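# Examining the three-dimensional arrangement
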Amino acid sequence: MRTFHPVASYSASSELGYRLLPFRFLRLDDGTEVLVNEVGEFVLAPNGTARTLIQKQLPRTSDLYATFKAKQFITDDSSSPLLDLLATKCRTKHNFLEGFTKLHIFVVTLRCDHSCHYCQVSRQTADKISYDMSLGTAEKSVELMMKSSAHNLTLEFQGGETLLAFDRIRYIVSLAKKQAELSRKQLEVVVCTNLANLTDDMLLYLRDEDILISTSLDGPAFIHNANRPRPGNNSYELTIRNIERARKVLGTGKVAALMTTTQLSLQYPTEIIDEYVRQGFHSIFLRPISPYGFAVKTREKTGYQFNAFLKFYLTGLAHILGINKNGYDIAESYAKILLTKMLTPYGTGHVNLQSPDGAGINVLVYNYDGDVYATDESRMLAEMGDHTFRLGNVLTHTHKDIFTGDAFLNLLPASCNQSLAGCSDCAFQTYCGSDSVFNHTTQGDVYGHRPTSDFCKRNMEIIKHLFKLISKKDPEIMRICFAWIQNTSLKDISNGAPSCG
Amino acid sequence: MRLTTAGLAGGFSKGVVGVVSRVPLPIEARTDRILVAETVPNNPEELLGYKGFLTNAKLERQIEALPNVSSVRDLDHLRTDDIIAMEPVNGFIRTVYRPDSEHNVIFATERCNSNCLMCSQPPQDRDDTGALTERNLEIIRLIDRAPSCLVISGGEPTLLGGRLLAIITALRDKFPDTYVHMLTNGRIFAWSDFTSQLAAIRHPNFMLGIPLYSDDSTTHDYVVQAKDAFDQTMMGLHQLARYGLRIEIRVVLHAITVQRLPQLAEYIYRNLTFVEHVALMGLENIGYAPRNMDKLWIDPHDYQDLLESAVEILTTRRMNVSIYNHQLCVLRESLWKFARKSISDWKNIYLDECQTCGVQEQCGGFFQWATKLHSRYVRPVDSSKISGQRTPGAPASRPSFGR
């Protein structure tokens, strides 16, 4: 007859104690600490827990001990450290790097009919066709894009106002589709446009080619029209009317909108969000303004203090959660990115919030004149006269030239937050990213200085806030978070979940 | 439901597996058949060509040429086309396959490399793997109509090594459309050569049910009474996933496993995101369980908070979850939609209290051994409670095997 052994036979021997695996921690301001392991799994615990843990004084029989062991913060002789498992999770977190550059932005023209204060692009008036991408440049750009090893490519058209160079879009799409088929790649095409010059012919073309539209909507008319002046001061009316037209022809899911936050916007987070709900959108990206292009020149008009943006963001996020609770599904895109990193085994390849930095690695920009830039922001910087992040030119450089050239290589040392001062020991490292172009622009070098960095401040504060939300253990908030993460409705999540909360 | 009986064995020294016929058959149809009769035929020719013979009558004289069991206590449960195994010496007659049941099990071995505190089928330390494999391959040969599903269980089936691969290959070849669910502790799959051999069979309809009792290795090892079992199972699960094999996680709920059930749910999501299904299962009061009940017992009523929290964690993360072996009257109403009628037909009962219950139709009931021990909250439920609920016991995305 077999016999049974007590639990002590299976626990670690007390003499040998435990060893630490990599983790980082931070004290939140509400009496709790957050400890985060190498793959983004976290433990929220009372202040002092990290100290106890590190001083090897955590009692072996405590619940926290089991939790830290299960989450691979510590290891003891009761079991193997399962490092292969940790490695698999690490690989999963960084899966977004697979295939290298996936997003390819084509700046088909700098011409524009709008004259937005915050324009990041230094637009040219609508008649200056010398600011259009030439056919030869287009061909070379498509050729370079196809050199990417990624299987799934996104071709995104930006301007200027892209519809003013619609013949270029047609030309590039047909070229890219042919070549994608030859190299067995999947191609998704997005046109970023203010929609003002949208014709029925264009719509039919976009429908037939299965092209997505990304437009700008800054909020209700009084904000949108103030932010986005054009002759006739009717940008809002045109945008709304054309979103409807586009949805009818392309389908609702094919039209997305992005907003830019200005000094004016800061006072109206709820009005802006309500406008997105009124227009039937199910996501909104509460984006801070970028310190590039005209946005810098007109800082008087659009510039604002970081704290004001944070207040705007947090007020907006609370409002959005309330709207979801009341039955309308709308996700806040920035929170969604962060929550995915915090609450799931997966990473996200958002180019401005990843490590390594997405510059070049996840995105390349092909300017109208053939210049290749590491990010969209890099070419805006170039329009201001700073060509640091010009990686080459499609007419004179090969794929190899670009990715072995000094401009790209100079970016790399600063591209991993794992090795940046102020980031290497930050609890939020796995959730955050590095943005060399932002650092260079705002602080004068690609490494940046965390204590004075708006990028750092913004992410620290928002991530802390999200941890506070999570620590409330409100099942409905968690359901909303997972509905966002999984691109589904709160109703769908709740139908799968136990019916009382 | 009776699945075994016994009598006086004669005419054979090695186990015989055959298909029951309760009516005499023409000589050419007798080859694989075991004739079951109330009386012994007078004419010896009437027994010619059968694989075996069973009767509750007493034999006047021994039949030497034919494996037989006589003076059998009870034969009424044996039906034509059932597959039975006749054992020499002790005269046991086991029903090993019933064509009209959804709960047939290929019983691989009684051996096991774990020794779970609550094992419903305590392991035996003798090598039965050769004899049982032979029997199981014969059963597979004898099954006439493809069953919709089959369970491979034990003991620990993987201890069969290559013999297990032979059984799964035979099932693949004969019944490719039959869903095969194998219950295993998964430890052996930590060794990738065995895992790759299993994967190489490419059975088109195969899933493994593997228990994980805690996110804490010490607790898991304690429950299964085997040092390093947690590590091996975790590595095994990842090897299986690497080879694209389909996996279900099974958690038996008792006083030791429920304490960290929400943490286990989160652990499964973070570390075993690839599993297709998580089954949270009520304790079965048989085998080792009664001996260890002082450590294991918690009234299911008292762990509803933990169970609900674990289900919430899994479902919000879009993982499939089912609750097995729980009665609706004990289960919190919010969890009814996850309850499945999971208990195998031959050991499934309802108690006297259930006679007036309005939701008995939808309820999975009890294991037959629950008469001795069950929740103190068992009571009839008003049928109006069921309205507005997704019907409990509605087919899961896969057949549910409570074992």
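Keep in mind that this is a model prediction, so the values were computed, not measured.

### So, the overall build of chain B
Helix and strand counts for chain B come out as eight helices and 17 strands. A compact globule built from 403 residues would reach a C-alpha radius of gyration of about 22 Å, and chain B, at 23 Å, matches this within 12%. With respect to the three principal axes, the spread of C-alpha positions in chain B is 70 × 55 × 35 Å. Counting the 403 residues in chain B, one finds 62% classified as buried. The contacts of chain B with a sequence gap of at least 6 include a subset with a gap of at least 24, amounting to 70%. A total accessible area of about 16100 Å² is found for chain B, and carbon and sulfur atoms account for 49% of it. Here chain B contributes 44 positively and 46 negatively charged side chains, and the mean placements of these two sets differ by 2 Å.

### As for the overall build of chain A
Helix and strand counts for chain A come out as 20 helices and 15 strands. Whereas a compact globule of 501 residues would reach a radius of gyration of roughly 23 Å, chain A reaches 25 Å, a difference of no more than 12%. Across its three principal directions, the C-alpha atoms of chain A cover 85 × 50 × 50 Å. By the burial criterion, 55% of the 501 residues in chain A qualify as buried. In chain A, of all internal contacts separated by at least 6 residues, the share reaching a separation of at least 24 is 69%. Looking at charge distribution, chain A has the averaged site of its 53 positive side-chain charges lying 3 Å from that of its 52 negative ones.

### So, the interface of chain A and chain B
Facing 48 residues of chain A, the contacting portion of chain B comprises 43 residues. The largest share of the area that chain A buries against chain B comes from Arg-2, Phe-4 and Tyr-10 of chain A, three residues that together contribute 23% of it. Run the count over chain A and chain B and you get five salt bridges. Residue Glu-312 of chain B pairs with Arg-479 of chain A through a salt bridge whose shortest N-O separation is 2.6 Å. On inspection of chain A and its partner chain B, the count reaches 24 residue pairs in polar contact (both at pLDDT 80 or more). Broken down by secondary-structure element, the contributors of at least two residues to the side of chain A that touches chain B are helix H2 (63-70), helix H3 (83-93), helix H13 (333-343), helix H19 (475-485) and helix H20 (490-496) of chain A. By residue class, the composition of the side of chain A that touches chain B is 21 nonpolar, 18 polar and nine charged.

### Structural notes on a nonpolar patch on the surface
Residue and element names in this part refer to chain A. A cluster of nonpolar side chains, Leu-20, Phe-25 and Ile-54, forms an exposed patch at the surface whose accessible area comes to about 240 Å². Mapped onto the fold, Phe-25 is located in strand S2 (residues 23-27). For Phe-25, a relative accessible area of 39% translates into the label partly exposed.

### Side note on helix H4 (residues 135-146) of chain A
Taking 1.5 Å as the rise per residue, H4 of chain A with twelve residues should run 16 Å; its terminal C-alpha atoms sit 17 Å apart, in good agreement. Inspection of H4 of chain A places Thr-137, Ala-138, Ser-141, Val-142, Leu-144, Met-145 and Met-146 of chain A among the buried residues, and these make up the whole buried set.

### Here we look at the confidence of the model for chain A
Across chain A, the average pLDDT comes to 92, with 95% of residues at or above 70. Low pLDDT, under 50, characterises residues 298-303 of chain A; the stretch is placed with twelve contacts to residues that sit more than four places away or in other chains.

### Some thoughts on the sheet that holds strand S4 (residues 42-46) of chain A
Residue and element names in this part refer to chain A. Spatial strand order, S2-S3-S4: three strands in an open sheet with antiparallel pairing. Since the sheet does not close on itself, it has two edges, and those belong to S2 and S4, each with one partner. For this sheet, the mean inter-axis angle between neighbouring strands, taken without regard to orientation, is 20°.

### Details of the side chain of Arg-250 of chain B
Residue and element names in this part refer to chain B. One can find Arg-250 in strand S13 (residues 246-252). Since its relative accessible area comes to 6%, Arg-250 is described here as buried. Of note is the side chain of Arg-250, whose polar atom sits 2.7 Å from the side chain of Glu-248.

### Observations concerning the packing of helix H2 (residues 162-174) of chain B against helix H3 (residues 192-201) of chain B
All names here are of chain B. Close contact between H2 and H3 brings their axes to 9 Å; oriented N to C, the two are set at 15°. Of the possible angle classes, the one that applies to H2 and H3 is roughly parallel. Handedness of the H2/H3 crossing: right-handed. Every residue of H3 that contacts H2 at Leu-164, Leu-165, Ile-168, Thr-169 and Arg-172 is listed here: Phe-194, Gln-197, Leu-198 and Ile-201. A per-class count over the contact of H2 with H3 returns six nonpolar, two polar and one charged.

### Here's the deal with the pairing of S2 of chain A
All names here are of chain A. Sheet topology note: the S2/strand S3 (residues 32-37) ladder contains five bridges and is antiparallel. Along S3, the bridge assignment pairs Arg-24 with Val-36. Taken together, S2 and the strand that follows it, S3, pair antiparallel across an intervening segment of four residues, in which Gly-31 is found at a positive phi of about 85°.

### Structural notes on the sheet that holds strand S9 (residues 105-107) of chain B
In any sheet, the strands associate via hydrogen bonds between backbone groups, in a parallel or an antiparallel arrangement. Residue and element names in this part refer to chain B. Read across the open sheet, the seven strands follow the order S9-S10-S11-S12-S13-S14-S15; overall the sheet is parallel. A strand with exactly one partner marks an edge of an open sheet, and here the two such strands are S9 and strand S15 (321-324). Within this sheet the neighbouring strands show an average axis-to-axis angle of 25°, counted without direction. Pairing of strand S10 (residues 149-153) with strand S11 (residues 179-183) involves four bridges; the strand directions are parallel. Residue pairing for S11: Leu-150 is matched across the bridge by Val-180. Contacts from helix H8 (residues 304-316) reach strand S14 (277-281) and S15 within the one sheet, and its direction differs from that of S15 by about 155°.

### Some points on the packing of aromatic side chains
Residue and element names in this part refer to chain A. Scanning all chains against the criterion turns up 25 aromatic pairs over all chains. Between Phe-100 and Phe-403 the ring centres are 5.2 Å apart and the planes differ by 65°, which places this aromatic pair in the edge-to-face class. Here Phe-403 lies in helix H15 (residues 399-404) and Phe-100 lies in the loop between H3 and strand S6 (103-107), a separation of 303 residues in the sequence. A centroid spacing of 6.0 Å and a plane angle of 40° characterise the contact between Phe-309 and Phe-312, whose relative ring orientation is tilted. Taken together, the residues Phe-309 and Phe-312, both in helix H12 (residues 306-325) and three residues apart, mark about one turn of the helix. For Phe-312, a relative accessible area of 2% puts it in the buried group. Just above the ring of Tyr-205 sits the side chain of Arg-170; from NZ or CZ to the centre is 4.5 Å. The cationic tip of Arg-247 hangs over the ring face of Phe-281; the distance from NZ or CZ to the ring centre is 4.5 Å.

### Quick notes on unusual backbone geometry
All names here are of chain A. For the bond running from Gly-159 to Gly-160, omega is 10°, close enough to zero to count as cis. Among the structural elements, Gly-160 can be located in the loop between strand S7 (152-158) and helix H5 (166-182). Omega for the bond connecting Ser-355 with Pro-356 falls within 30 degrees of zero, at 0°, which places this linkage in the cis form. Within the secondary structure, Pro-356 sits in the loop between H13 and strand S13 (363-366).

### Considerations on the pattern of salt bridges
The final tally for this structure, using the stated rule, is 48 salt bridges over all chains. In this structure, Arg-2 of chain A and Asp-125 of chain B form a salt bridge, with 2.6 Å as the shortest nitrogen-oxygen distance. Residue Arg-2 of chain A is located in the segment before strand S1 (18-20), and its partner Asp-125 of chain B is located in the loop between S9 and helix H1 (129-142); the two belong to separate chains. Each member of the salt-bridge network shares a partner with another, and the members are Asp-32, Lys-51, Glu-138 and Arg-141 of chain B.

### Focus: the confidence of the model for chain B
Residues and elements named next belong to chain B. Looking at chain B as a whole, its pLDDT mean stands at 92, while 96% of the residues score no less than 70. When the criterion is pLDDT under 50, residues 391-399 qualifies, and its contacts beyond four places in sequence or with other chains add up to 21 contacts. Prediction confidence for the complex, expressed as pTM and ipTM, is 0.93 and 0.93 respectively.

### Considerations on the nonpolar core
Judged by nonpolar contacts, the single largest core of 228 residues is most densely connected at Phe-157, Leu-343 and Phe-428 of chain A together with Ile-152, Leu-198, Ile-249 and Leu-307 of chain B. Beyond its immediate sequence surroundings of up to four residues, Phe-428 of chain A is in contact with Leu-26, Leu-28, Val-34, Met-460, Ile-463, Lys-464 and Phe-467 of chain A.

Rules used in this analysis
- Residues numbered from 1 in each chain as written.
- Chains lettered and ligands numbered in written order.
- Predicted model: local features only at pLDDT ≥ 70, side-chain atom pairs only at ≥ 80, totals over all residues.
- Heavy atoms only, no water.
- Helix = DSSP H or I, 4+ residues; strand = E, 2+ residues; numbered from the N terminus.
- Rg over C-alpha atoms; globule rule 2.2 N^0.38 Å.
- Buried < 20%, exposed > 50% of the residue type's maximum accessible area, 1.4 Å probe, protein only.
- Contact = heavy atoms within 4.5 Å.
- Areas by Shrake-Rupley, 256 points an atom, 1.4 Å probe, with all protein chains shown as cover.
- Lys, Arg positive; Asp, Glu negative; His and termini not counted.
- Charge placed at Lys NZ, Arg CZ, Asp CG, Glu CD.
- Buried area = accessible area lost by both parts, 1.4 Å probe.
- Salt bridge = Lys/Arg side-chain N within 4 Å of Asp/Glu carboxyl O.
- Polar contact = N/O pair within 3.5 Å; in protein donor to acceptor, adjacent residues only side chain to side chain.
- Nonpolar A, V, L, I, M, F, W, Y, C, P; charged D, E, K, R; others polar.
- Patch = residues over 30% accessible without salt bridge, like charges linked within 9 Å, V, L, I, M, F, W, Y side chains within 5 Å.
- Expected span 1.5 Å × (residues − 1).
- pLDDT = per-residue confidence, 0-100.
- Pairing = 2+ DSSP bridges.
- Axes fitted to C-alpha atoms, helices over the stretch in contact; angles between N-to-C directions.
- Parallel < 35°, antiparallel > 145°, perpendicular 65-115°, else oblique.
- Left-handed = near helix turned anticlockwise from the far one by under 90°.
- Phe/Tyr/Trp six-rings, centres within 6.5 Å; stacked < 30°, edge-to-face > 60°.
- Lys NZ or Arg CZ within 6 Å of the ring centre and 35° of its normal.
- Core = buried A, V, L, I, M, F, W, Y, C linked by side-chain atoms within 4.5 Å.

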